[in-house]
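As a plain string of letters, each chain reads:
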Amino acid sequence: MTSATVDPADTRVNAPASLTTVRPTASPQRLLADLVPPRHFADARFGTYRANPDFPSQGATLARLQEVAHAIAHPPRRGIFSRKTHAAPAVYLDGGFGVGKTHLLASLAHAVTADGPDGADQIAYGTFVEYTNLVGALGFQNTVAALAAKKLVCIDEFELDDAGDTTLMSRLLRELTDRGVALAATSNTLPEALGEGRFAAEDFLREIQALASRFEVMRVDGDDYRHRAVVTDSRPLPADVVGAYAATRPDATCDRFGDLLDHLATVHPSRYGALLDGVGLVALTDVRPVTRQEVALRLVVLVDRLYDNDVPVLLAGTGEDALFTPEMLRGGYRKKYYRALSRLGALAEDGRALVSAG
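Rules used in this analysis
Residues numbered from 1 in each chain as written. Predicted model: local features only at pLDDT ≥ 70, side-chain atom pairs only at ≥ 80, totals over all residues. Heavy atoms only, no water. Phe/Tyr/Trp six-rings, centres within 6.5 Å; stacked < 30°, edge-to-face > 60°. Helix = DSSP H or I, 4+ residues; strand = E, 2+ residues; numbered from the N terminus. Lys NZ or Arg CZ within 6 Å of the ring centre and 35° of its normal. Pairing = 2+ DSSP bridges. Axes fitted to C-alpha atoms, helices over the stretch in contact; angles between N-to-C directions. Contact = heavy atoms within 4.5 Å. Parallel < 35°, antiparallel > 145°, perpendicular 65-115°, else oblique. Left-handed = near helix turned anticlockwise from the far one by under 90°. Core = buried A, V, L, I, M, F, W, Y, C linked by side-chain atoms within 4.5 Å. Buried < 20%, exposed > 50% of the residue type's maximum accessible area, 1.4 Å probe, protein only. Arc of directions from axis to C-beta.

By the naming in an unreviewed UniProt entry, the protein is AFG1-family ATPase, taken from Xylanimonas cellulosilytica.

See below:
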């Protein structure tokens, strides 16, 4: 491994910066500005989605979403004597794990952005958790007012595992549709949950109740989940290797896992994105299983922000495969935990590749 050339005045050569020293702030403008398709899907477009001909629903969904994008960017004008208003589109992409729903959702957002005169100001794109955190940070009415100015609001991975949050989001979506905002949502299911993906749309429509009739459900079939593991089992690295490599990167942070978890409890989850400003690599030592649910859920949010920003991770300790307890992986939040394991494993593999190349 070659050493990076670093200015002698830079004290981070031997002691990489720590995320635990960062006290992020995020203005309402920053929180709203962050509601864009994640960097991981920055290049997602309808033209880059490869519909599998063995599953006609993929091609049909792609074609329909292109129509929806045009309708959102160019809504019909009301005639002078017409009192009729046209309801904005509301679509829900239903399907199993790994069939490209997020790619399609990001493509819809990019298409509306590119096709309309107001650019990125027309859309808001975030996960279910990002929107609930936004309400927590701004308040409900301020969130409605900010999002009502958009033409399209995208909710990736709509979650049904918390009754209070689901009710909150249902109310938010109702307020937005009443103001003529178009909506698009997805949700993910576990690949081994046989048949569960086929009932996700029914669960979604039941939970949003009064809004159910406004949503057009699009099935996205596929068999990717039968050929991919849920978790990327990335072998942990030795602690000295993690620390040494992080010291060569001026954009790296290095923390003990337990210290970082303690720090996350002091930061509002809506600011986890700001916590990672300027960070290009996260190194963690003494990684061990998380046994408390509230701690695990905060970690899930951090992993989502790392994944959205394509930040590689170096792990020393037990690795990510034993991160959550068996009880957690069988419980009501299991979808969140499996998503976090899959994403963290992929980021850890990216980190290993950097160390190997160095």
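A. How the structure looks around the packing of aromatic side chains. Overall, the coordinates contain two aromatic pairs when judged by the stated rule. Taking the centre distance of 5.0 Å and the plane angle of 70° together, the rings of Phe128 and Phe158 count as edge-to-face. Placement of Phe128 in helix α4 (residues 128-138) and of Phe158 in the loop between β3 (152-156) and α6 (163-178) is noted, with a sequence separation of 30 residues between them. Above the ring of Phe140, the side-chain terminus of Arg171 is found at 3.8 Å from the ring centroid.

B. The arrangement of the sheet that holds strand β1 (residues 90-95) in detail. Pairing is parallel across the open sheet formed by five strands, whose spatial order is β2-β3-β4-β1-β5. The sheet terminates laterally at β2 (123-127) and β5 (216-220), the two strands that pair on one side only. Within the sheet, the average angular offset between the axes of one strand and its neighbour, ignoring direction, is 15°. Direction of pairing for β2 relative to β3: parallel, over a ladder of five bridges. Residue Ile123 lies in a different strand from β3, and its bridge partner there is Leu152. Sitting on the sheet, helix α2 (residues 56-73) is in contact with β1, β3, β4 (182-186) and β5, with an inclination near 145° to β5.

C. A look at the packing of helix α11 (residues 293-308) against helix α13 (residues 334-357). At a minimum axis separation of 9 Å, α11 and α13 run at an interaxial angle of 45°. The orientation of α11 relative to α13 falls into the category oblique. The two elements α11 and α13 cross, and the hand of that crossing is left-handed. Listed contacts from α13 to Gln293, Ala296, Leu297, Val300, Val303, Asp304, Leu306, Tyr307 and Asp308 of α11 are Lys336, Tyr337, Arg339, Ala340, Arg343, Leu344 and Leu347.

D. Structural context of the environment of Leu183. As for its placement among the helices and strands, Leu183 is situated in strand β4. In sequence terms Leu183 and Ile155 are 28 residues apart; their C-alpha atoms lie 7.8 Å from each other.

E. Broad picture of the nonpolar core. Counting 39 residues, the largest nonpolar core has Val282, Leu323 and Phe324 as its most contacted members. Of all the secondary-structure elements, those providing two or more residues to this core are α9 (257-264), α10 (272-275), β7 (281-287), α11, β8 (313-317), α12 (326-330) and α13. Considering every element that reaches this core, the biggest residue donor is α11, with nine residues. In this view, Val282 contacts Leu19, Thr253, Leu276, Leu306, Val311, Pro312, Val313 and Leu314; residues no more than four positions away in its chain are not counted. Within the second largest apolar cluster, 28 residues are counted, among which are Val144, Leu173, Leu183 and Phe204.

F. Broad picture of helix α5 (residues 140-147). Looking only at α5, the buried set comprises Phe140, Thr143, Val144 and Leu147. Taken end-on, α5 shows its buried residues confined to a sector of 100°, consistent with a single buried face. Of the residues in α5, the exposed ones pointing more than 90 degrees away from the buried face are Asn142 and Ala145. As for α5, its buried residues are in contact with α1 (28-33), β2, α4, β3 and α6.

G. Spatial organisation of unusual backbone geometry. Within the chain, Glu157 stands out as a residue other than glycine whose phi angle is a positive 65°. Here Glu157 shows up in the loop between β3 and α6. Phi is positive for Asp310, close to 55°, though the residue is something other than glycine.

H. Region of the structure containing the sheet that holds β8. Read across the sheet, three strands follow the order β6-β7-β8 without closing on themselves; strand pairing throughout is parallel. The outermost strands of the open sheet, each flanked by one partner alone, are β6 (252-256) and β8. Strand after strand, the sheet turns through a mean of 10° between neighbouring axes, direction not considered. Summarising the sheet, β6 and β7 pair through five bridges and their orientation is parallel. Counted as the bridge partner of Cys254 is Ala283 from β7. The strands touched by helix α8 (residues 239-247) are β6, β7 and β8; relative to β7, the strand with the most contacts, the crossing angle is about 155°. Sheet strands in contact with α9 are β6 and β7, and its direction is about 95° off that of β6.

I. Seen up close, the pairing of β1. Along β1, six of the six residues are buried, which leaves the element largely enclosed by surrounding structure. Alternating residues of β1 divide into Ala90, Tyr92 and Asp94 and Val91, Leu93 and Gly95, and every residue in both groups is buried. Pairing geometry for β1 and β4, over four bridges, is parallel. In the strand pairing of β4, Leu93 is matched with Thr186. Bridge analysis of β1 against β5 gives five bridges, and the strand direction is parallel. Within the sheet, the bridge partner assigned to Val91 lies in β5 and is Glu216.

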